[in-house]
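Below are the chains, spelled out letter by letter.
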Protein chains: 2
Amino acid sequence: MEKESLMNAVVADVTARRKGGRQGSRKAGGFTLRDVAKLAGVAPITASRALNTPDAVSAKVLQKVQAAVLQTGYVPNLLAGALASQKSRLVAAVVPTLSGPMFLQTVEALTDTLAGAGYQVMLGQSGYENSREDALLDAIIGRRPDGIVLTGITRSPQARRRLLASGIPVVETWDLTPTPVDMLVGFSHEKIGAAVAQYLHSKGKRRVAAISGDDERSRRRATAFSEAAVRLGMARPQESEVPACLVTAPTTLGNGRSGLRELLQRAPDIDAVFCSSDLLALGVMIEAQASAIAIPGQLAVIGLGDLSFSRDLHPPLTTVRIDGTAIGSTAARFIIDRSEGKSVAEPICDLGFTIIERASV
Amino acid sequence: MEKESLMNAVVADVTARRKGGRQGSRKAGGFTLRDVAKLAGVAPITASRALNTPDAVSAKVLQKVQAAVLQTGYVPNLLAGALASQKSRLVAAVVPTLSGPMFLQTVEALTDTLAGAGYQVMLGQSGYENSREDALLDAIIGRRPDGIVLTGITRSPQARRRLLASGIPVVETWDLTPTPVDMLVGFSHEKIGAAVAQYLHSKGKRRVAAISGDDERSRRRATAFSEAAVRLGMARPQESEVPACLVTAPTTLGNGRSGLRELLQRAPDIDAVFCSSDLLALGVMIEAQASAIAIPGQLAVIGLGDLSFSRDLHPPLTTVRIDGTAIGSTAARFIIDRSEGKSVAEPICDLGFTIIERASV
DNA sequence: ATGAAAGCGCTAACAT
DNA sequence: ATGTTAGCGCTTTCAT
């Protein structure tokens, strides 16, 4: 009876608040920690401790508070907690786009790993132009996240300055630079381009070409690929680069098909194509099939990403595997460690890449 | 000079805070609205108005505040603003998984539309089991978002109750129910199944089969498909359902290949397959190609999703188009309207679907 | 182990 | 148009 009437009193309180009972009141309704504390017969701070550091309160108090929470359906206001404690447990992730499924795994791994540690992910899409990134950055910093995960490295000095000034841990991903804003998890696009050229050469290919998204990272891979190929004698005599076709990012299967047609028109003698994504490579394979070009007999194809479908193609696709999941979980680790006060020993992590040999080369 | 020394004074203040100068001070460092106001020579609330409702202040004040913002690099603390104003400008989105690219478009459209209105998206992955959803929900409600967008309808009565109690606008998506928690944007999975059966029948198919993800919505489509097919006489005599193969969600190309093999083994006479995703359908097409089964000659294939690659396949894939982008932008609209106080007139929106006829049937 | 007081940085309400 | 005051709901600091 005692307890019930107390509950009633608390509920009456809240109900009064909902109606804006007192003049000047701005309370929104819904139970607060004070309500729970009152119900449990303790001070608000004790209720807070019961919820956040259960070890710091007596078993009796713990039990009473938990009962009050259950009775009220109380859900802590993390906004208020964040403001008071300067820890938002929010991490921002910025990707150029979610499509073009390269970043999916990273975002997924990031979200999962962080969720496991009680953090949540705020998503931002910057597009492939840098213009939107600055506005987005302010919106993000305004939320005072405990970390910011960026796709790609930060070019704009303005953005760098703002990021630095915010004091928020930053992880740049999917690329390498000797001068990161803060932490870094990525791999070298230049090395990939060179390694693929080397690989195709070792397989006896002598007339290679590339189809590439026109975003900055893909272009750097394509350039490195072309340079290495020229060095290895895989360009036509007198030519300083291999045939290449730039398509708008994000890359699609259709781009792959039209890319191969274009390439074949310009250079019918090519014997291998490096595609800047597996989707592009699939397009090439489909175009080849439609044009009765044998793969790998007449044309070798190598993709990038090792997406889930690549191993199941016919023939299975040779590709450069990049571990997007590892990028996401490593970035998450970095931020969790940092925000728990541990210093990250080696805040620059080159995850590398692997050429997965399958039947398409 | 005047201004400069004022800036210095303000900076000195902040610097003192950073070091925890005063005893008991918990300030984190970084400029606050008070600093900006002091620099501009106005009261904090005036600075606030200059930033949020520029029309409500004089040109002179506006200019001074803007100058102070520029000088300091001040970024408003949205956490504090949200707490005070009860508007977080945060919207939570929950998807089973980001992979299985059905939900990508929705999340993308949601993020973009909301970003345009000054909102940001918090992402949650629930997995395909309901168990994680409840915990996730509390984490979300705790942030007091201005809206919650759910993928699929809410089954658990517990979750319904909590959602309702929170008073937060909710949009359920990708499905239809007469009893939504709040708002709804989706389409009928049952109607799709029936429509596909009807469509295949009209194309002269008489031995149809299905490959389907084993999540709840795909199963309902498959069941409706089978029932309609039986009604139309497309099952074997004496059989009450058509051959079907359930694969684990999210669906993959590999699942499509193995699914077709399994189906062919159990029922070699099938002349059409309904796949619960375009990726599955692509797998079927590749398996058919590898086994020299002509599409659509020997076997018709119809997918679901109309993903970007589907039109570019060989042959182009007939599929059920679902406008994931419209789902996302409509959900965003609903939430923006609600949170701006407009009541949403028709909070239940059936976006329907379209069968896109291409060459694979 | 528990509590009182004092904010976190901002904005709603009520003056002027 | 601008300012004063009083919170938003929580947690820190410093007692006890």
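Residues numbered from 1 in each chain as written. Chains lettered and ligands numbered in written order. Predicted model: local features only at pLDDT ≥ 70, side-chain atom pairs only at ≥ 80, totals over all residues. Heavy atoms only, no water.

Under an unreviewed UniProt entry, the name given to chain A is Putative transcription regulator transcription regulator protein, and the source organism is Collimonas fungivorans.

Right, let's talk about the protein's contact with DNA strand C for a bit. Residues in close proximity to DNA strand C total 28 residues, the closest being Thr46(A), Arg49(A), Leu33(B), Ser48(B) and Tyr74(B). Among atoms of DNA strand C positioned within 4 Å of the protein, sugar and phosphate together represent 68%. A distance of 2.5 Å separates a phosphate oxygen of DNA strand C from a polar side-chain atom of Ser48(B). Within the side chain of Asn52(B), an N or O atom sits 2.8 Å from a phosphate oxygen of DNA strand C. Among the elements of the structure, helix H3 (44-52) and helix H5 (78-85) of chain A together with helix H3 (44-52) and helix H5 (78-85) of chain B are those that each provide at least two residues to the surface near DNA strand C. With four residues, the top contributor of residues to the surface near DNA strand C is H5(B). (Near = heavy atom within 4 Å. Polar contact = N/O pair within 3.5 Å; in protein donor to acceptor, adjacent residues only side chain to side chain. Helix = DSSP H or I, 4+ residues; strand = E, 2+ residues; numbered from the N terminus.)

Quick look at the sheet that holds strand E4 (residues 170-173) of chain B now. Taking strand neighbours across the sheet as the criterion, the twelve strands line up as E11(A)-E5(A)-E4(A)-E3(A)-E1(A)-E2(A)-E2(B)-E1(B)-E3(B)-E4(B)-E5(B)-E11(B) in an open arrangement whose pairing is mixed. Single-partner strands in this sheet number two, and they are strand E11 (348-350) of chain A together with strand E11 (348-350) of chain B. Strand-to-strand twist of the sheet, defined as the mean angle between neighbouring strand axes without regard to direction, takes the value 20°. In this structure, strand E4 (residues 170-173) of chain A lies alongside strand E5 (residues 183-186) of chain A, joined through three bridges in parallel fashion. Considered in E5(A), the bridge of Thr173(A) is made with Val185(A). (Pairing = 2+ DSSP bridges. Axes fitted to C-alpha atoms, helices over the stretch in contact; angles between N-to-C directions.)

Let's shift gears to the relation of the copies chain B and chain A. Expressed as a screw transformation, the operator carrying chain B onto chain A has a rotation angle of 180° and an axial translation of 0.0 Å, and the superposed copies differ by an RMSD of 0.1 Å. In the structure described here, the two chain copies are related by an operation that fits a two-fold rotation axis. Residue Met122(B) of chain B places its C-alpha closer to the rotation axis than any other residue of that unit, at 2.1 Å. By residue overlap, the copies meet face to face through one surface: 100% of the interface positions of chain B are interface positions in chain A. (Least-squares fit on C-alpha atoms with pLDDT ≥ 70 in both. Contact = heavy atoms within 4.5 Å.)

Moving on: the interface of chain B and chain A. Contacts between chain B and chain A engage 50 residues on the former and 51 residues on the latter. Between chain B and chain A, roughly 4800 Å² of surface is buried when both sides are summed, and carbon and sulfur atoms account for 56% of that area. One can count zero salt bridges joining chain B with chain A. Linking chain B with chain A are 23 residue pairs in polar contact (both at pLDDT 80 or more). Looking at the side of chain B that touches chain A, the elements that each hand over two or more residues are H5, helix H6 (102-116), strand E2 (120-125), helix H7 (131-142), helix H11 (253-266) and helix H12 (278-290) of chain B. Along the lines of polarity and charge, the residues of the side of chain B that touches chain A split into 26 nonpolar, 13 polar and eleven charged. As defined by bridge partners, strand E2 (residues 120-125) of chain A adjoins E2(B) across three bridges and the pair is classed as antiparallel. Counterpart to Met122(A) in the pairing with E2(B) is Met122(B). (Buried area = accessible area lost by both parts, 1.4 Å probe. Salt bridge = Lys/Arg side-chain N within 4 Å of Asp/Glu carboxyl O. Nonpolar A, V, L, I, M, F, W, Y, C, P; charged D, E, K, R; others polar.)

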